[in-house]
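Survey of secondary and tertiary structure
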Amino acid sequence: INAEYMGIFESVMVSRPVSLLLVLLALSQASPPLCTDDAKSCVVETGGPATPPPPTPPPSELVVVAYNIDRNGHGGDGSREGGLEPIAQLLNSSYVPTWDVLLLTEVTRGCPDPQGQVVNGATVLAGANFYWAYGVEYVLSSSPDNECSIGNAIVSRYPLTNAATAFFAAQCEECMFSGRKGGRSYVHAAVQVGPARDVTVTAAHLESGKSVWDYAKAELTRGRQANEIPSNVGTGVAVIGGDFNDPLQDASPPLVALRLHGFVDAHSSLRPWDRDTCPDDPKAKYHLACFDYLTSRGASFGQPGICHAPACVGLSDHVPIWATLHL
């Protein structure tokens, strides 16, 4: 195990003690393929504590964080990326509230980092005591023994059940990642907050464009993608969040679509010019860099936040956002 991952778990151990043996096992495991050869169908991968923690009283609230971690902090889009270690430290620092659920996008699994270490970002950030679920978005390379992919993940303090992942029916073939194996996708699971109560949470990564022409196509596609999710999350309390890739806030097609299904934007009380989640993006000077969102149905979000502190900027091209779901 290299120094970077030792540092990650030393930082996480402050709030979530981790067995070094479990860490070594997690980091040395292969990442067998989750997808068919053409990546048209993929299964979800899940994990959790080897020994479930003792039951606790049902919580009255859940702190939910959404964060695009730019390929485990190695995507090259942030101004000072350093892998998973600074991301783990940030998520366990005073800059981010103590969280119960992480909705992660651009998580890599089975891909070698610059030091040659192959890990699942969801496993690393979950440590030994939290539950996690991972769903593939794009397969970057594959062999019979290992699959390198980028995808979405959920990490939870509470048990996860009924985890599933799905590719959107609506895809933009001419947009950002056209030609790759896979497609835009989302992962969802039920967070078991009590003996007979759960909250369905979804981490979604919607379409993005790379030019004026395909940006317009991506905008239309994002609305269609957001419209697909509610039919797969049941009728109870639900949270949908992640990187929606849309700077238009209340006027964005994804939020318009989700509002029609009863979902409410957690950060709607913030001033529009305070909502940028990609502060290094050139469009931030025009306050058109709000790409990450949290929405809820059946329970209300409060205490919304976006980390604009210098410590939060540059570890990815995005910064973490959060809100407290009052159950």
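These remarks concern the structure in this document. (Residues numbered from 1 in each chain as written. Predicted model: local features only at pLDDT ≥ 70, side-chain atom pairs only at ≥ 80, totals over all residues. Heavy atoms only, no water.)

Considering the state of the cysteines
Our working definition: In what follows, a disulfide is any cysteine sulfur pair within 2.5 Å. The buried label applies to any residue whose accessible area, calculated with a 1.4 Å probe on protein chains only, is under 20% of its type's maximum; exposed applies above 50%, and partly exposed to all values in between.
For the structure shown, the criterion picks out four disulfides. Shown here is the disulfide that connects Cys172 with Cys175, its sulfur atoms set 2.0 Å apart. Taking the sign of the torsion about the S-S bond as the criterion, the disulfide between Cys172 and Cys175, at about 65°, is right-handed. The class for Cys172 is buried, based on a relative accessible area of 9%.

Structural notes on the pattern of salt bridges
Rules: Each reported salt bridge corresponds to a side-chain nitrogen of Lys or Arg within 4 Å of a carboxyl oxygen of Asp or Glu. Only DSSP runs of H or I covering at least 4 residues are called helices, and only runs of E covering at least 2 are called strands; the numbering of each starts at the N terminus.
For the structure shown, the criterion picks out eleven salt bridges. Salt-bridge contacts for Glu137 lead to Arg184; the nearest nitrogen and oxygen are separated by 3.4 Å. Remark: Arg184 occurs in the loop between strand 8 (181-182) and strand 9 (185-194) and Glu137 occurs in strand 5 (residues 131-142); sequence separation between them is 47 residues. Put simply, Asp246 and Arg222 hold a salt bridge, and the shortest N to O gap is 3.1 Å. Here Asp246, found in the loop between strand 11 (238-243) and helix 7 (253-259), pairs with Arg222, found in helix 6 (residues 212-228); they are 24 residues apart in sequence, far enough to count as distant.

Remarks on helix 6
Given 3.6 residues to a turn, an α-helix orients residues that are three or four positions apart in the same direction. How we decide: Given a helix with a known number of residues, its expected span is that number minus one, times 1.5 Å. Two residues form a contact once any of their heavy atoms are found within 4.5 Å.
An ideal rise of 1.5 Å per residue puts 24 Å on 17 residues; helix 6 measures up with 25 Å between its terminal C-alpha atoms. Where helix 6 is buried, its residues contact strand 9 and helix 7.

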